Amino acid sequence: MRRGTPSEMTKSFADDRLDGAEARIRRFLEEQRPATPCLVIDLPTVRARFTAIRDALPGVGIYYAVKANPTPEVVEVLAAEGCRFDVASPNEIDLCLARGAAPEAISYSNPIKKAADIAYAFSRGVRLFVSDSEQDVRAVAEHAPGSSVMLRILVDSKGSTYPFGKKFGCSPEMATDLLRLAGELGLVPLGVAFHAGSQQLDPTGWDAAIADAAEVTAKLRAEGVELTTVNLGGGLPAGYLEQPPPLAEYAAAITAAVDRHFGPVRPEVMIEPGRAIVAEAGVIRSEVVLVSRKSYGDERRWVFLDIGRYGGLAETEGEAIAYPLRTNRDGGPTGPVVIAGPTCDADDVLYQHTCYELPLDLRAGDHVDLLSAGAYTASYSSVAFNGFPPLAAHCVR
Ligand SMILES: *Cc1c(COP(=O)(O)O)cnc(C)c1O
């Protein structure tokens, strides 16, 4: 891993510079002076990230994982570009349809769903579902008859910052049986799906799962069941304090793995990026509530912001995601800090192990901007923990 220098911190993990985005967001913050904390999303960057991924993976169906940032304008911009959508609930279906997505452009990729939610999706025209259990396959067959179904397999998501563990997916052997069952129940067995873990920092992190998917496909082909598609899930990374390898390396590794494992019968490929489309489009503006020390000899100051773990920074848990920071006092001498949120919860500490330094003259009322904060922030913020309102989101065009 390369550690980003401060001047690199707002650069995309692809080659495109985000200077225009920085200028637009700064202008918005200066002119509108919105109440803090707030998330500002640069819509041209959302569009640019989508087109960069589309251009890097020609012919691949790109389904934006709505949970990463469900701001309606984000969905609208992506729908207008021809992006498709990975949803997990009736509300996300309604959001996508209301913002210009066609029902055929929606994949209900959550294997955990109520029968009533499957029926609702079907009533709105959704015909593509991801499953990982016999009960769910049977529920899809009953409440969304004739739909296409993909079976999610368990994968080893090492190399990712957020492995998915064992919650989703089943063994390839079980997936094979359930795809066969899906066909018997009148569904279209479309193929295998998986998720290689979020913020996957290894471009070859999809390889083993693609091999498993190809094996399931070959096994069923021998029985006369023709799977047409493979769904590579999410995991494409974003640049934070540390910069992942460039997008081109991911595209090359993924394309090579599909070619190698599937051979001459190339499947339709789907991918479901969330973070990689929206993270670098967002900046959170926060305000310093307090700067303090715990003892006279203590070198590290505590900086309390008006946003914390419950205000949208859930991904700081375990300090997994380290956002680049910028303040209105940058340029002068700095010193080490612990950074914490404003609530009365002892876990509401953002960074105490990651070595952040902030200006020595930082004080209450100053601004701290968290960069690359467009993914998994507003959608994670609590409704009113300790009376703090949920994170507001603003869009710039
Ligand atoms: C969350 C999720 C994604 C998006 O993951 P990222 O790591 O943000 O790209 C894609 N597919 C499914 C099924 C998901 O649950």
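The numbering scheme is per chain: residues are counted from 1 as the chain's sequence reads. Side-chain atom pairs in this predicted model are given and counted only at pLDDT of 80 or more, local residue features only at pLDDT of at least 70, and totals for whole chains, interfaces and linings cover all residues. With hydrogens and water excluded, all non-hydrogen atoms of the structure serve as input to the side-chain values.

As a reminder, the rule being used: UniProt positions are given in the numbering used here, feature names are shortened, and annotations may be inferred rather than shown by experiment.
The protein goes by ornithine decarboxylase in an unreviewed UniProt entry, where it is assigned to Saccharothrix coeruleofusca. Listed in UniProt under the heading Sequence similarities (unreviewed entry), the comment for the protein reads: "Belongs to the Orn/Lys/Arg decarboxylase class-II family." Under Cofactor (unreviewed entry), UniProt gives the following word-for-word description of the protein: "pyridoxal 5'-phosphate".

**Describing the side chain of serine 198**
We apply this condition: Helix numbers and strand numbers start at the N terminus; a helix is a DSSP run of H or I with at least 4 residues, a strand a run of E with at least 2. Throughout, a contact is declared for two residues whenever any of their heavy atoms are within 4.5 Å.
As for its placement among the helices and strands, serine 198 is situated in strand β10 (residues 198-200). Leave out the neighbours within four places in its chain, and serine 198 touches Ser160, Thr161, Tyr162, Phe164, Gly235, Arg275 and Tyr376.

**Some points on the packing of aromatic side chains**
Heads up, the condition is: Working definition: rings of Phe, Tyr and Trp (its six-membered ring) pair if their centres are within 6.5 Å, and the pair is stacked with planes under 30 degrees apart, edge-to-face with planes over 60 apart, and tilted otherwise. Summary of the burial criterion: residues with accessible area below 20% of their type's maximum are buried, those above 50% are exposed, and those between are partly exposed, where the area comes from a 1.4 Å probe applied to protein chains only.
Under the counting rule described, the total for this entry stands at 8 aromatic pairs. Centre to centre, the rings of tryptophan 302 and phenylalanine 304 are 5.9 Å apart; their planes meet at 25°, and the pair counts as stacked. Their ring planes at 35° and their centres at 6.0 Å tell us that tyrosine 376 and tyrosine 380 sit as a pair that is tilted. Among the residues examined, tyrosine 376 registers a relative accessible area of 8% and is labelled buried.

**Details of the site of the ligand**
Test applied: By convention in these notes, a residue is near a molecule or strand provided one of its non-hydrogen atoms lies within 4 Å of it. A 3.5 Å cut-off defines polar contacts: any pair of N or O atoms within that distance qualifies, except that in protein one atom must be a possible hydrogen donor and the other a possible acceptor, and neighbouring residues in sequence count only when both atoms are side-chain atoms. Using the Shrake-Rupley algorithm and a 1.4 Å probe, accessible areas are obtained, with residue cover drawn only from the displayed protein chains. A cavity, in this analysis, means grid points on a 1 Å lattice covering only the protein atoms where a 1.4 Å probe fits yet has no way out; a pocket is instead an open set bounded by protein on both sides within 12 Å along at least five of seven lines, and a residue lines either one if it has an atom within 4 Å of a point. Just a note on the criterion: a molecule sits in a pocket or cavity if more than half of its atoms are within 2 Å of the grid points. Residues are sorted three ways: Asp, Glu, Lys and Arg are charged, Ala, Val, Leu, Ile, Met, Phe, Trp, Tyr, Cys and Pro are nonpolar, and all the rest, Gly among them, are polar.
Within the structure, the ligand sits among 13 residues, and Lys67, Ser198, Glu272, Arg275 and Tyr376 are positioned closest to it. Contact distances for the ligand include 3.0 Å between an oxygen atom and a backbone N or O atom of glycine 235. One nitrogen or oxygen atom from the main chain of glycine 274 is found 2.9 Å from an oxygen atom belonging to the ligand. Burial of the ligand by the surrounding chains reaches 93%, relative to a free accessible area of 390 Å². If you map the ligand onto the pockets, it falls in the largest pocket. For the shell around the ligand, the residue count by class is 3 nonpolar, 5 polar and 5 charged.

**Considering the pairing of strand β15 (residues 301-305)**
Stated precisely, the cut-off is as follows: At least two DSSP bridges between two strands are needed for those strands to be called paired.
In terms of residue burial, β15 counts as a mostly covered element, since 5 of its 5 residues are buried. Here β15 shows two buried faces, one formed by Arg301, Val303 and Leu305 and the other by Trp302 and Phe304. One ladder, built from 4 bridges, connects strand β14 (residues 282-292) with β15; its direction is antiparallel. Directly across from leucine 290, in β15, lies its bridge partner phenylalanine 304.

**Details of the UniProt feature "active site" (unreviewed entry) in the protein**
UniProt tags Cys344 as "active site" (unreviewed entry). Residue position: cysteine 344 is located in the loop between β17 (334-340) and β18 (349-359).

**A look at the layout of surface pockets**
Selection criterion: Grid points are joined across faces, edges and corners, and a volume is the space filled by probe spheres set on the points. Where each domain starts and ends follows an automatic or database-derived domain assignment.
The computed volume of the largest pocket comes to approximately 660 Å³. Lining the largest pocket are 35 residues, and of these Lys67, Phe164, Phe168, His195 and Tyr376 lie nearest its centre. Along the lines of polarity and charge, the residues of the lining of the largest pocket split into 18 nonpolar, 8 polar and 9 charged. Among the domains, domain 1 (20-41 + 279-396) and domain 2 (70-273) are the pair contributing at least three residues each to the lining of the largest pocket.

**So, unusual backbone geometry**
In this model, threonine 36 is joined to proline 37 through a cis peptide bond whose omega is -5°. Tracing the backbone through its elements, the reader meets proline 37 in the loop between α1 (19-32) and β2 (38-42). The backbone of glutamine 199 shows a phi angle near 50°, a positive value even though the residue is not glycine. Of note, glutamine 199 is situated in strand β10.

**Description of helix α4 (residues 90-98)**
Three or more residues of α4 are buried, namely Pro90, Glu92, Ile93, Leu95, Cys96 and Leu97. Taken together, the buried residues of α4 touch α3 (72-80), β4 (84-87), β5 (106-108) and α5 (115-123). Once α4 finishes, glycine 100 follows within two positions and takes phi at roughly 110°, a positive value.

**Here we look at the nonpolar core**
Basically, it comes down to this: Remark: nonpolar core denotes a set of buried residues (Ala, Val, Leu, Ile, Met, Phe, Trp, Tyr, Cys) joined through side-chain atoms within 4.5 Å.
In this structure, Tyr64, Phe85 and Phe194 are the most contacted members of the largest nonpolar core, which totals 103 residues. Considering each element in turn, this core owes the most residues, 7 residues, to helix α9 (residues 247-262). Two domains each put at least three residues into this core: domain 1 (20-41 + 279-396) and domain 2 (70-273). Those residues in contact with tyrosine 64, other than ones at most four positions away along the chain, are Asn69, Val74, Leu78, Cys83, Arg84, Phe85, Asp86, Pro273, Gly274, Ile277 and Val278. Counting 8 residues, the second-largest nonpolar core is a separate cluster that includes Ile25, Leu29, Val40 and Val283.

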